Structures are given as structure tokens and as C-alpha cells.
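# Results of the structural survey
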Amino acid sequence: MRMTTDHSGMQVYRASLLHFIQDPAFHEQAYRWHEDGLLLIADGKIVAADDYEVLKQRIPPDLQIRDFRGKLIMPGFIDTHIHYPQTDIIGSPAEGLLPWLETYTFPTEKQFSDPLHAIEVANFFLDELLRCGTTTAMVYCTVHPASVDAFFAASEARDLRMVAGKVLMDRHCPDFLQDTAESGIRDTEALIQRWHKRGRALYAITPRFAPTSSLEQMHLAGELARAYPDTYLQTHVAENTDEVAWARALFPSARSYMDVYDHYGMLRPRSMFAHCIWLDDLDRRRMADTGAAVAVCPTSNLFLGSGLFNFERADAMQVPLSLATDVGGGTSFSMLHTMNEAYKVARMSGTHLPALRMFYLATLGAARSMQLEGTLGSFSSGNEADFIVLDLQATPLLARRTARADSLEELLFALAILGDDRAVAATYAAGRCVHSRDEE
Ligand code: GUN
Ligand code: ZN
């Protein structure tokens, strides 16, 4: 009788491996690169990532290695700011943020009072993220609690680590999208009880932005954030000059727009602020001191004409940074495309953003911004096995350009500038394949 060992929970992948252990902007030895590498996974967690030669003797002889040689495996991308209900209005032009919200966003979000619509969009949205190699995102639902149930149910079915929350919005928006200070908090608390830490779901308290919340709602949301310190908080700040002027008029005693959130206790670890274009150094200092993080949204900021994020000042103050698409203001689900635009935004203020930094920001940097290092974002042993297989020959041009790259930086730069969803050959979540480009 042939003796076999049960390796049922174990998988092994052979490819080039890349992951980060530090921020390359501030550390010399920031990444691990294994040109011929092996990734060992058991029961949805990383066991080891190292050179093939180092790890090969740990592979049971009867275990089949999945051979992705010629391709690049790295941790799945993390998108720290995106709106699933805005999927259908991506690429809708307007003369700036506020008209864009009125013309497209609010009418499309109205449709999420219908749970069946919410379920259909949530499923499409998650599949699109996975096609682009994004395995974790911080997601806005709508004001309707059922939009959160639809989202988390779709995410749970795919076993994804997702952060999401119901929008809080009790003024300056159409009646059909308004909650009240009390109902918003009551619904949020019920959703926290239902979803936070259920499987891989994490809840984010989600005041849309200060102009659409009353003082009472802001106060109660801040209290909730204190009462549930391990939940997330997400909002928008300092995206557009008209919005900044509006916020300042509504909260005249605040020192700055960011100070409004500070006043209500919302600057804390696990708070994610989208945009942060029109900040000053005192705002940045408060973010760095409190552990609040920035979601930089370049495709959205260019598309809506909002402004250019200042990487140099943010780094000077060591504000936690991450990259985000901000679909539907953003114009692509792809974090590669987002890097491409982030690079150009940095160039416009005379800054060079290396590719290594951008891939860090889209993986470990984002995980750190979300206090999830040790869970996600790198191949440290024990981390959740969310990873992507990138195809450097996905298009004729990408193949031609990467063939002549003579450093890792040059290779990654070509991928960021020329790559998109076509470069994502496969996506894995908790060790399970959730997207395979060539099997569609
Ligand atoms: N500010 C308030 N709401 C929104 C939104 O839905 N998208 C963007 N980009 N900015 C906002
Ligand atoms: Zn947004």
C-alpha cells in the first residue's frame, strides 16, 4: 500500500516573490526579493516566503508545486478609499466635486434603497476589485443599512478582508438620502454588532464629510468611535477648495477643516481620511501624532480637478500614507493605474515617487495605515494569504519594456506605468483562487 501524508491545507507556489518589510522612503533594506522564490501556505495563512533553494527541502515530495515561474507574486493590493455604490457612475464628468455629487452621486446612491440592486452591484464591484488584484479595500456603502448587509454578505461569500460602513449624512443632501443624528448612530451600532470582526469583515464608522453631518451627528459619531476603538472611521477632508470653504463656514470656530474632525475625537489610529490636499503642516502634525492616515486618491483628484496631493510635506511630517482609487470619482479600479497617476501628481510638485515606494504604499504601507501589519500586506509568516500573480508579459508593450529593465525598480516602474487589470494573472484570498484571468 502506498503511504501518503495529508497535506490538504498546504499549497506551494514557485515564482519571483516581492514583499516589503519597511517603508523604502525611510529605510535601506525595505523589501524582500526572491527572483526564484517559493511561497508556502497552509490553511489560508503564509508559512514562509524565501528562495526556492532555501525552502525546497521543506516541501513534502508528494506535494505539487504550482509553477508560476516568469511571473511575479506579491501581496494583494489594498485600496484604502472606494465607494461601491458609485460603480455605475465611474467616468461621469462635472465641474468639480460639489456639482458631481449633486448630479451623479446622490441619484445613483438613491437606488441602494433596493437591496436587490445593492446585492447585484456589490457582487460586480468585488469581482472587479479582484480582477484588478485588490484583495482588501476600505469601502463606503450608502446611507441605507441594507447596502452594508449586501456588501458584507458578498464579501463573506468570497472570504475577503474588507472594511466598510454605512454613510452617516443628516443634512445638506436630498431627503431620500438623509438619516438623522440618532437613527444614523443606532443603525451604525447595530451594524457594528452584526458585522465587525465577523469572519474577515471589519466595520468603519462613516460620516460622509463634515458638511453633510450636523454638529449633533458629528458629536455622536465621535462618541461611537471612542466607544468602539477597534472599529475604523473613514471620511473625506480637504479635497476641493469649494468644499473647504463650505466646511469652514459651517464650523467657524474650528482652526481648519481637519480641526473639525479633531474636535470631535475622530483623529485616531484606524481613521482614514481621503484626499488631504488642502491641509497645512499643523493638520499634518496632528495626523502623524494621532496615527490618523491619508488615502491619496490621484485619479479622482485629477478627474474632478480637485488638486495635487503634496507627498513631500506629508513625508516630511511622517503622516501615514496609502493609495486609493476613490471610484466613482476615481477613474479606475486598478491600483497599477492609480500608481501611474500618483507618480505624475508627485512630479507636478517636483517630487520623484519611486516604484518601490508605490508598491509599498499599495501593500504594507496601507496595512500599516490600517493597523493591520501582522495580518496583511506582506509575506510575514502567519499573515493571511492574500496575494496576486502579476504577468510582466501581459501586453506586447509591457513584455517589450520589462524585457529591457535592468533593475527591480525599473521593472516595477514599467508595471506601474503600463500595467492594469490585464497584468493580474490571478488573485488569491485566504489561500484560495478568487480570480484567474485565463479561465474566464
Ligand atoms: N466628498 C463627500 N462625498 C464624496 C464622494 O462620494 N466622493 C468624493 N470624491 N468626495 C466626496
Ligand atoms: Zn470618496
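Check the entry above for the structure.
Summarised in this report is the structure supplied together with it. All values derive from a computational prediction rather than experimental measurement.

The rules behind these values
Residues numbered from 1 in each chain as written. Chains lettered and ligands numbered in written order. Predicted model: local features only at pLDDT ≥ 70, side-chain atom pairs only at ≥ 80, totals over all residues. Heavy atoms only, no water. Donors = N, O, S within 2.8 Å, 3.2 Å for Na, K, Ca; no water. Tetrahedral: all angles 85-135°; square planar, octahedral: opposite > 155°, others 65-115°. Helix = DSSP H or I, 4+ residues; strand = E, 2+ residues; numbered from the N terminus. Buried < 20%, exposed > 50% of the residue type's maximum accessible area, 1.4 Å probe, protein only. Contact = heavy atoms within 4.5 Å. Core = buried A, V, L, I, M, F, W, Y, C linked by side-chain atoms within 4.5 Å. Pairing = 2+ DSSP bridges. Axes fitted to C-alpha atoms, helices over the stretch in contact; angles between N-to-C directions. Near = heavy atom within 4 Å. Polar contact = N/O pair within 3.5 Å; in protein donor to acceptor, adjacent residues only side chain to side chain. Areas by Shrake-Rupley, 256 points an atom, 1.4 Å probe, with all protein chains shown as cover. 1 Å grid on protein atoms, 1.4 Å probe; cavity = no way out; pocket = protein on both sides within 12 Å on 5 of 7 lines; lining within 4 Å. Sits in = over half its atoms within 2 Å of the grid points. Nonpolar A, V, L, I, M, F, W, Y, C, P; charged D, E, K, R; others polar.

### Things to note about the coordination of the zinc ion (ligand 2)
The coordination sphere of the zinc ion (ligand 2), as far as protein atoms go, consists of His81 (NE2), His83 (NE2), His236 (NE2) and Asp326 (OD), spread over 2.0 to 2.3 Å. Considering all four donor atoms around the zinc ion (ligand 2), the spread of angles at the metal, 90 to 165°, places the coordination shape in the irregular class.

### Here's the deal with the environment of leucine 308
Along the chain, leucine 308 falls in the loop between helix 10 (298-303) and helix 11 (311-316). Take leucine 308: its relative accessible area is 36%, and that puts it in the partly exposed class. For the pair leucine 308 and glycine 37, spaced 271 residues apart in sequence, the C-alpha to C-alpha distance is 38 Å. Not counting residues within four places of it along the chain, the set of residues in contact with leucine 308 comprises Ile277, Leu302, Val345 and Met348.

### Structural notes on the nonpolar core
Across soluble globular proteins, you tend to see nonpolar side chains buried next to one another. Ranked by size, the top nonpolar core spans 114 residues in total, and within it Tyr84, Phe151 and Tyr261 carry the most contacts. Ignoring anything within four residues of it in the chain, the contact list for tyrosine 84 reads Phe112, Ala118, Val121, Ala122, Phe125, Val139, Tyr140, Cys141, Ser147, Ala150 and Phe151. Formed by 17 residues, the second largest nonpolar core is a distinct cluster that contains Ala204, Ala274, Ala293 and Ala367.

### Describing the sheet that holds strand 1 (residues 10-20)
Spatial strand order, 3-2-1-4-14-15-16: seven strands in an open sheet with mixed pairing. The open sheet is flanked by strand 3 (45-51) and strand 16 (432-436), the only strands paired with a single partner. Across the sheet, the axes of successive neighbouring strands diverge by a mean angle of 35°, strand direction being ignored. Pairing between strand 1 and strand 2 (residues 31-42): 10 bridges, direction antiparallel. Opposite arginine 14, over in strand 2, you have leucine 38 as the bridge partner. The sheet contacts of helix 16 (residues 408-418) involve strand 1, strand 2, strand 4 (65-75) and strand 14 (387-390), and relative to strand 4 the element is tilted by about 85°.

### A look at the site of ligand 1
The environment of ligand 1 is made up of His83, Gln86, Leu97, Trp100, Leu101, Arg208, Phe209, His236, Glu239, His275 and Asp326. Within the side chain of glutamate 239, a nitrogen or oxygen atom sits 2.7 Å from a nitrogen atom of ligand 1. Taking aspartate 326, its side chain carries an N or O atom lying 2.8 Å from a nitrogen atom of ligand 1. Protein chains shield 100% of the accessible area of ligand 1, which is 280 Å² for the free molecule. Under a 2 Å grid-point criterion requiring more than half of the atoms, the pocket assigned to ligand 1 is the largest cavity. Taken together, the residues that form the shell around ligand 1 break down as four nonpolar, four polar and three charged.

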